[in-house]
Amino acid sequence: MKDTLILPAKGLPAVPAWLSAPFQLLEPVGNRLLLILFCGSFSFLFMYVFTPFNMNQWYEGGPFGVTGAFGAFSISGIAAMSISQFLLIRLKGKKPLTHWQFLAWFFGETLLVAGIVNIVNVSLHSYLTFSWLEYWDTWKYGFGVLALPYSIALLWFQSRASAARLKDIALAPAEDREKEKDTLLIRDEYDKLALSLPPSSLIMVKAEDNYVHVFYRNGQEVKKELVRSSLKKLEPQLAAHGVARAHRSYMVNISNVLLFKKNAKGHYLMLEGMDDCPVPVSASYLPQFQQKFTPDS
(Lines give C-alpha, C1' and ligand atoms only; values in the text may rest on other atoms or scores of the structure.)
Protein backbone atom coordinates (compact mmCIF):
# COMPACT_ATOMS: atom_id res chain seq x y z
CA MET A 1 0.00 0.00 0.00
CA LYS A 2 1.17 3.49 -0.79
CA ASP A 3 1.27 5.77 2.20
CA THR A 4 -0.46 9.04 1.38
CA LEU A 5 -1.37 11.83 3.73
CA ILE A 6 -5.01 12.70 3.23
CA LEU A 7 -6.89 15.78 4.32
CA PRO A 8 -9.28 15.02 7.20
CA ALA A 9 -12.66 13.60 6.38
CA LYS A 10 -15.35 16.18 6.84
CA GLY A 11 -18.85 15.04 7.61
CA LEU A 12 -21.65 16.48 5.54
CA PRO A 13 -23.89 19.06 7.23
CA ALA A 14 -27.04 17.56 8.70
CA VAL A 15 -29.50 18.59 5.99
CA PRO A 16 -27.39 17.60 2.93
CA ALA A 17 -26.54 14.30 4.63
CA TRP A 18 -30.23 13.61 5.23
CA LEU A 19 -31.08 14.47 1.63
CA SER A 20 -28.47 11.98 0.41
CA ALA A 21 -29.66 9.20 2.73
CA PRO A 22 -31.83 6.42 1.27
CA PHE A 23 -35.60 6.86 1.54
CA GLN A 24 -37.09 3.47 2.36
CA LEU A 25 -40.51 4.17 3.87
CA LEU A 26 -42.28 3.32 0.61
CA GLU A 27 -40.19 0.28 -0.30
CA PRO A 28 -42.75 -2.16 1.22
CA VAL A 29 -45.67 -2.77 -1.15
CA GLY A 30 -48.11 -2.64 1.77
CA ASN A 31 -47.02 0.89 2.64
CA ARG A 32 -47.60 2.05 -0.91
CA LEU A 33 -51.09 0.53 -0.97
CA LEU A 34 -51.94 2.17 2.34
CA LEU A 35 -50.57 5.49 1.13
CA ILE A 36 -52.72 5.45 -2.00
CA LEU A 37 -55.92 4.40 -0.24
CA PHE A 38 -55.40 6.80 2.65
CA CYS A 39 -54.66 9.77 0.36
CA GLY A 40 -57.70 8.99 -1.79
CA SER A 41 -60.09 8.58 1.15
CA PHE A 42 -58.68 11.49 3.13
CA SER A 43 -58.78 13.82 0.12
CA PHE A 44 -62.43 13.02 -0.58
CA LEU A 45 -63.48 13.56 3.05
CA PHE A 46 -61.33 16.68 3.34
CA MET A 47 -62.86 18.25 0.22
CA TYR A 48 -66.39 17.21 1.18
CA VAL A 49 -66.27 18.30 4.84
CA PHE A 50 -64.03 21.38 4.74
CA THR A 51 -64.59 22.44 1.10
CA PRO A 52 -61.18 24.19 0.80
CA PHE A 53 -60.95 27.09 -1.65
CA ASN A 54 -64.81 27.05 -1.68
CA MET A 55 -64.61 24.11 -4.09
CA ASN A 56 -68.21 23.08 -3.38
CA GLN A 57 -69.45 26.27 -5.08
CA TRP A 58 -67.73 25.25 -8.31
CA TYR A 59 -69.81 22.11 -8.76
CA GLU A 60 -73.16 22.85 -7.10
CA GLY A 61 -75.87 22.47 -9.69
CA GLY A 62 -73.52 20.63 -12.03
CA PRO A 63 -74.45 17.36 -13.78
CA PHE A 64 -72.71 15.24 -11.12
CA GLY A 65 -73.09 17.40 -8.04
CA VAL A 66 -70.47 18.08 -5.40
CA THR A 67 -70.28 14.48 -4.17
CA GLY A 68 -69.93 13.06 -7.68
CA ALA A 69 -67.23 15.56 -8.65
CA PHE A 70 -65.19 15.03 -5.49
CA GLY A 71 -65.57 11.27 -5.83
CA ALA A 72 -64.36 11.36 -9.44
CA PHE A 73 -61.35 13.48 -8.45
CA SER A 74 -60.43 11.13 -5.60
CA ILE A 75 -60.67 8.06 -7.86
CA SER A 76 -58.58 9.85 -10.48
CA GLY A 77 -55.95 10.65 -7.85
CA ILE A 78 -55.90 7.01 -6.71
CA ALA A 79 -55.39 5.90 -10.32
CA ALA A 80 -52.57 8.41 -10.88
CA MET A 81 -50.78 7.43 -7.65
CA SER A 82 -51.15 3.73 -8.53
CA ILE A 83 -49.44 4.40 -11.87
CA SER A 84 -46.69 6.30 -10.09
CA GLN A 85 -46.12 3.90 -7.19
CA PHE A 86 -46.40 0.59 -9.05
CA LEU A 87 -45.49 1.26 -12.70
CA LEU A 88 -43.29 4.33 -13.01
CA ILE A 89 -41.40 3.51 -9.82
CA ARG A 90 -39.83 0.56 -11.65
CA LEU A 91 -37.74 3.05 -13.60
CA LYS A 92 -35.55 3.61 -10.55
CA GLY A 93 -34.38 -0.02 -10.46
CA LYS A 94 -33.71 -1.91 -7.24
CA LYS A 95 -31.76 0.88 -5.56
CA PRO A 96 -33.91 2.95 -3.17
CA LEU A 97 -34.41 6.64 -3.83
CA THR A 98 -32.55 9.14 -1.72
CA HIS A 99 -34.59 11.72 0.20
CA TRP A 100 -33.95 14.46 -2.35
CA GLN A 101 -34.87 12.08 -5.19
CA PHE A 102 -38.08 11.20 -3.35
CA LEU A 103 -38.95 14.90 -2.96
CA ALA A 104 -38.47 15.32 -6.71
CA TRP A 105 -40.53 12.16 -7.29
CA PHE A 106 -43.35 13.49 -5.11
CA PHE A 107 -43.37 16.74 -7.09
CA GLY A 108 -43.60 14.74 -10.33
CA GLU A 109 -46.34 12.60 -8.80
CA THR A 110 -48.42 15.70 -8.03
CA LEU A 111 -48.00 16.77 -11.67
CA LEU A 112 -49.29 13.37 -12.81
CA VAL A 113 -52.23 13.50 -10.39
CA ALA A 114 -53.10 17.02 -11.57
CA GLY A 115 -52.92 15.92 -15.21
CA ILE A 116 -55.32 13.00 -14.79
CA VAL A 117 -57.69 14.95 -12.52
CA ASN A 118 -57.67 17.82 -15.01
CA ILE A 119 -58.61 15.49 -17.85
CA VAL A 120 -61.48 14.04 -15.81
CA ASN A 121 -62.64 17.47 -14.63
CA VAL A 122 -62.75 18.96 -18.14
CA SER A 123 -64.38 15.81 -19.54
CA LEU A 124 -67.16 15.89 -16.93
CA HIS A 125 -67.94 19.59 -17.23
CA SER A 126 -68.69 20.99 -20.66
CA TYR A 127 -68.12 24.58 -19.60
CA LEU A 128 -64.40 23.84 -18.98
CA THR A 129 -61.69 23.65 -21.63
CA PHE A 130 -58.17 22.21 -21.67
CA SER A 131 -55.61 24.92 -21.06
CA TRP A 132 -52.39 25.49 -19.16
CA LEU A 133 -54.24 27.87 -16.84
CA GLU A 134 -56.81 25.19 -16.04
CA TYR A 135 -54.03 22.66 -15.45
CA TRP A 136 -52.15 25.11 -13.21
CA ASP A 137 -55.27 25.67 -11.11
CA THR A 138 -55.83 21.92 -10.85
CA TRP A 139 -52.22 21.31 -9.75
CA LYS A 140 -52.27 24.20 -7.28
CA TYR A 141 -55.45 23.07 -5.53
CA GLY A 142 -54.59 19.39 -5.87
CA PHE A 143 -51.17 19.88 -4.27
CA GLY A 144 -52.78 21.62 -1.31
CA VAL A 145 -55.24 18.76 -0.82
CA LEU A 146 -52.74 15.90 -1.39
CA ALA A 147 -49.76 17.16 0.63
CA LEU A 148 -51.51 16.81 4.00
CA PRO A 149 -52.57 13.13 3.84
CA TYR A 150 -49.28 12.22 2.13
CA SER A 151 -47.33 13.75 5.02
CA ILE A 152 -49.54 12.10 7.64
CA ALA A 153 -49.07 8.69 6.00
CA LEU A 154 -45.27 9.06 5.89
CA LEU A 155 -45.17 10.10 9.55
CA TRP A 156 -47.27 7.05 10.39
CA PHE A 157 -44.91 4.74 8.47
CA GLN A 158 -41.91 6.32 10.19
CA SER A 159 -43.44 5.87 13.65
CA ARG A 160 -44.26 2.22 12.89
CA ALA A 161 -40.70 1.56 11.71
CA SER A 162 -39.24 3.21 14.83
CA ALA A 163 -41.58 1.26 17.11
CA ALA A 164 -40.60 -2.00 15.38
CA ARG A 165 -36.89 -1.28 15.90
CA LEU A 166 -37.45 -0.50 19.58
CA LYS A 167 -39.44 -3.72 19.98
CA ASP A 168 -36.65 -5.76 18.39
CA ILE A 169 -34.13 -4.22 20.77
CA ALA A 170 -36.36 -4.87 23.78
CA LEU A 171 -36.98 -8.49 22.79
CA ALA A 172 -33.36 -9.27 21.92
CA PRO A 173 -32.02 -12.08 24.13
CA ALA A 174 -29.76 -10.94 26.95
CA GLU A 175 -26.88 -13.00 25.62
CA ASP A 176 -27.15 -11.25 22.24
CA ARG A 177 -26.96 -7.86 23.91
CA GLU A 178 -23.98 -9.06 25.93
CA LYS A 179 -22.32 -10.29 22.76
CA GLU A 180 -22.78 -6.87 21.13
CA LYS A 181 -20.69 -5.32 23.90
CA ASP A 182 -17.73 -7.42 22.72
CA THR A 183 -18.33 -6.58 19.05
CA LEU A 184 -17.29 -3.41 17.29
CA LEU A 185 -20.24 -2.18 15.22
CA ILE A 186 -19.15 0.32 12.60
CA ARG A 187 -22.02 2.29 11.11
CA ASP A 188 -22.05 4.68 8.19
CA GLU A 189 -23.18 8.30 8.30
CA TYR A 190 -26.81 7.16 7.89
CA ASP A 191 -26.44 4.95 10.98
CA LYS A 192 -26.67 1.82 8.85
CA LEU A 193 -24.49 -1.08 10.00
CA ALA A 194 -21.55 -1.40 7.60
CA LEU A 195 -19.18 -3.72 9.44
CA SER A 196 -19.05 -5.74 12.67
CA LEU A 197 -15.86 -7.32 13.99
CA PRO A 198 -14.05 -8.16 17.22
CA PRO A 199 -12.20 -5.08 18.50
CA SER A 200 -8.90 -7.00 18.50
CA SER A 201 -9.24 -7.58 14.72
CA LEU A 202 -9.24 -3.87 13.95
CA ILE A 203 -5.83 -2.57 12.86
CA MET A 204 -6.48 1.03 11.88
CA VAL A 205 -8.96 3.44 10.31
CA LYS A 206 -7.84 5.90 7.65
CA ALA A 207 -9.91 8.91 6.53
CA GLU A 208 -10.28 9.84 2.90
CA ASP A 209 -12.67 12.62 1.83
CA ASN A 210 -16.15 11.66 3.12
CA TYR A 211 -15.16 8.04 3.65
CA VAL A 212 -12.99 5.96 5.95
CA HIS A 213 -10.96 2.86 5.10
CA VAL A 214 -11.26 0.25 7.87
CA PHE A 215 -8.28 -2.13 7.96
CA TYR A 216 -8.82 -5.35 9.90
CA ARG A 217 -7.56 -8.91 10.17
CA ASN A 218 -9.61 -11.77 8.82
CA GLY A 219 -7.67 -14.88 9.73
CA GLN A 220 -4.18 -14.40 8.32
CA GLU A 221 -5.28 -11.75 5.82
CA VAL A 222 -5.54 -8.00 6.19
CA LYS A 223 -8.69 -6.67 4.58
CA LYS A 224 -9.99 -3.19 3.90
CA GLU A 225 -13.58 -1.95 3.99
CA LEU A 226 -14.72 1.42 2.64
CA VAL A 227 -17.41 3.09 4.76
CA ARG A 228 -19.08 6.46 4.18
CA SER A 229 -18.41 8.08 7.53
CA SER A 230 -15.80 10.22 9.30
CA LEU A 231 -13.25 9.75 12.06
CA LYS A 232 -15.06 12.40 14.06
CA LYS A 233 -18.22 10.28 14.07
CA LEU A 234 -16.43 7.00 14.82
CA GLU A 235 -13.88 8.26 17.33
CA PRO A 236 -16.01 8.10 20.52
CA GLN A 237 -16.93 4.47 19.88
CA LEU A 238 -13.47 3.39 18.73
CA ALA A 239 -11.73 5.08 21.66
CA ALA A 240 -13.66 2.84 24.04
CA HIS A 241 -11.96 -0.17 22.42
CA GLY A 242 -8.36 1.08 22.65
CA VAL A 243 -8.25 2.77 19.24
CA ALA A 244 -6.45 6.11 19.42
CA ARG A 245 -6.11 9.07 17.07
CA ALA A 246 -2.54 9.35 15.77
CA HIS A 247 -3.13 11.91 13.04
CA ARG A 248 -6.01 13.92 11.65
CA SER A 249 -6.47 11.14 9.07
CA TYR A 250 -5.58 8.05 11.13
CA MET A 251 -6.78 6.10 14.15
CA VAL A 252 -4.82 3.02 15.21
CA ASN A 253 -5.47 0.05 17.47
CA ILE A 254 -2.86 0.48 20.22
CA SER A 255 -2.62 -3.29 20.72
CA ASN A 256 -1.43 -3.71 17.12
CA VAL A 257 1.43 -1.20 17.31
CA LEU A 258 4.77 -2.94 16.67
CA LEU A 259 7.07 0.06 16.43
CA PHE A 260 7.04 3.70 17.48
CA LYS A 261 9.95 5.55 15.90
CA LYS A 262 11.22 8.94 14.86
CA ASN A 263 12.92 9.81 11.59
CA ALA A 264 13.78 13.02 9.73
CA LYS A 265 10.12 13.61 8.86
CA GLY A 266 8.81 13.08 12.38
CA HIS A 267 7.32 10.26 14.43
CA TYR A 268 5.55 7.32 12.92
CA LEU A 269 4.03 3.94 13.85
CA MET A 270 4.36 0.50 12.31
CA LEU A 271 1.35 -1.74 12.77
CA GLU A 272 1.07 -5.50 12.69
CA GLY A 273 0.21 -6.66 9.16
CA MET A 274 0.78 -3.16 7.70
CA ASP A 275 4.50 -3.25 6.99
CA ASP A 276 4.26 -1.07 3.90
CA CYS A 277 2.02 1.58 5.47
CA PRO A 278 3.73 3.59 8.24
CA VAL A 279 1.28 5.78 10.11
CA PRO A 280 2.42 9.35 10.84
CA VAL A 281 1.95 10.71 14.35
CA SER A 282 1.21 14.42 14.39
CA ALA A 283 2.41 16.74 17.15
CA SER A 284 -1.03 17.18 18.70
CA TYR A 285 -1.37 13.43 19.30
CA LEU A 286 2.28 12.69 20.03
CA PRO A 287 2.27 12.91 23.88
CA GLN A 288 -0.01 9.92 24.39
CA PHE A 289 2.22 7.71 22.24
CA GLN A 290 5.40 8.97 23.89
CA GLN A 291 3.92 8.24 27.29
CA LYS A 292 2.94 4.71 26.30
CA PHE A 293 5.90 3.62 24.17
CA THR A 294 8.88 5.65 25.40
CA PRO A 295 10.74 3.88 28.25
CA ASP A 296 11.15 5.83 31.46
CA SER A 297 14.64 7.25 31.67
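Note that the structure is predicted; figures quoted are calculated from it, not measured.

Asks: So what's going on with the overall build of the protein chain? Residues and values would help.
Replies: Counting secondary structure elements, the protein chain contains 9 helices and 10 strands. Within the protein chain, the proportion of its 297 residues that are buried is 38%. For the protein chain, the proportion of contacts with a sequence separation of at least 24, taken over those separated by at least 6, is 59%.

Asks: Give a description of the environment of Tyr-211 that names residues and reports values.
Replies: Residue placement: Tyr-211 occurs in strand β4 (residues 211–218). For Tyr-211, a relative accessible area of 32% translates into the label partly exposed. For the pair Tyr-211 and Arg-228, spaced 17 residues apart in sequence, the C-alpha separation works out to 4.3 Å.

Asks: Report on the layout of surface pockets, specifying residues and quantitative values.
Replies: The volume enclosed by the second largest pocket comes to roughly 490 Å³. Taken together, 28 residues form the lining of the second largest pocket, with Met-55, Phe-73, Val-117, Thr-138 and Gly-142 sitting closest to its centre. Breaking the lining of the second largest pocket down by element, the ones donating at least two residues are α2 (29–50), α3 (56–59), α4 (65–86), α5 (99–124) and α6 (132–171). Among the elements that line the lining of the second largest pocket, the one with the most residues is α6, at 9 residues.

Asks: Explain unusual backbone geometry to me, and be specific about the residues and the numbers.
Replies: Notably, Asp-191 is not glycine yet its phi reads approximately 70°, a positive angle. Relative to the elements of secondary structure, Asp-191 occurs in the loop between β1 (184–187) and β2 (193–197). Residues other than glycine seldom take positive phi values, yet Asp-209 does so here, at roughly 55°. The residue Asp-209 is located in the loop between β3 (202–208) and β4 in this model.

Asks: How would you summarise the sheet that holds strand β6 (residues 243–247) if you had to cite specific residues and measurements?
Replies: If you walk across this open sheet you meet the 5 strands as β5-β4-β3-β7-β6, and the pairing is antiparallel. Whereas interior strands pair on both sides, the edge strands pair on one side only; in this sheet they are β5 (221–227) and β6. On average, adjacent strands in this sheet sit at an angle of 20° to one another, irrespective of strand direction. Lying on the sheet, helix α8 (residues 231–239) is in contact with β3, β4, β6 and β7 (250–253); it crosses β6 at an angle near 140°. Lying over the sheet, helix α9 (residues 286–293) contacts β6 and β7, oriented at roughly 120° with respect to β6.

Asks: Go over the sheet that holds strand β9 (residues 266–271) with me, naming the residues and quoting the values.
Replies: The strand order across the open sheet formed by 3 strands is β8-β9-β10, and the pairing between neighbours is antiparallel. In this open sheet, the two strands that pair with only one neighbour each are β8 (257–263) and β10 (279–281). For this sheet, the mean angle separating the axes of adjacent strands, direction not counted, is 30°. Bridge count for β9 against β10 is 3 bridges, and the pairing is antiparallel. Directly across from Tyr-268, in β10, lies its bridge partner Pro-280. Here α9 sits on the sheet in contact with β8, β9 and β10, set at roughly 115° to β8.

Asks: How would you explain the packing of α4 against α5 if you had to name every residue and give the values?
Replies: Closest axis-to-axis distance for the α4/α5 pair is 9 Å, and the angle between their directions is 140°. Between α4 and α5, the crossing angle belongs to the class labelled oblique. In the packing of α4 onto α5, the handedness of the crossing is right-handed. When α4 is examined against α5, the residues Ala-72, Phe-73, Ser-76, Gly-77, Ala-80, Met-81, Ile-83, Ser-84 and Gln-85 are found in contact with a partner set consisting of Trp-105, Glu-109, Leu-112, Val-113, Ile-116, Val-117, Val-120, Asn-121 and Leu-124. Of the residues belonging to the contact of α4 with α5, the class tally is 12 nonpolar, 5 polar and 1 charged.

Asks: Quick rundown of the packing of α2 against α4? Include the residues and the values.
Replies: Two elements in contact, α2 and α4, have axes whose closest approach is 9 Å; the angle formed by their N-to-C orientations is 160°. As judged from the angle between their axes, α2 and α4 are roughly antiparallel. Crossing of α2 over α4 shows right-handed handedness. From α2, Val-29, Arg-32, Leu-33, Leu-35, Ile-36, Cys-39, Gly-40, Ser-43, Phe-44, Met-47 and Tyr-48 reach across to α4, where they touch Thr-67, Phe-70, Gly-71, Phe-73, Ser-74, Ile-78, Met-81, Ser-82, Gln-85 and Phe-86. Considered class by class, the residues forming the contact of α2 with α4 number 13 nonpolar, 7 polar and 1 charged.

Asks: Describe the nonpolar core, listing the residues and the values that go with them.
Replies: Core analysis: the largest hydrophobic core is formed by 25 residues, its most contacted members being Leu-26, Leu-35, Met-81 and Tyr-150. Those elements that place two or more of their residues in this core are α2, α4, α5 and α6. If we ignore the near neighbours within four places in the chain, the residues touching Met-81 are Leu-35, Ile-36, Cys-39, Glu-109, Val-113, Leu-146 and Tyr-150.

Calculation rules
- Residues numbered from 1 in each chain as written.
- Predicted model: local features only at pLDDT ≥ 70, side-chain atom pairs only at ≥ 80, totals over all residues.
- Heavy atoms only, no water.
- Helix = DSSP H or I, 4+ residues; strand = E, 2+ residues; numbered from the N terminus.
- Buried < 20%, exposed > 50% of the residue type's maximum accessible area, 1.4 Å probe, protein only.
- Contact = heavy atoms within 4.5 Å.
- 1 Å grid on protein atoms, 1.4 Å probe; cavity = no way out; pocket = protein on both sides within 12 Å on 5 of 7 lines; lining within 4 Å.
- Points joined across faces, edges and corners; volume = space filled by probe spheres on them.
- Pairing = 2+ DSSP bridges.
- Axes fitted to C-alpha atoms, helices over the stretch in contact; angles between N-to-C directions.
- Parallel < 35°, antiparallel > 145°, perpendicular 65-115°, else oblique.
- Left-handed = near helix turned anticlockwise from the far one by under 90°.
- Nonpolar A, V, L, I, M, F, W, Y, C, P; charged D, E, K, R; others polar.
- Core = buried A, V, L, I, M, F, W, Y, C linked by side-chain atoms within 4.5 Å.

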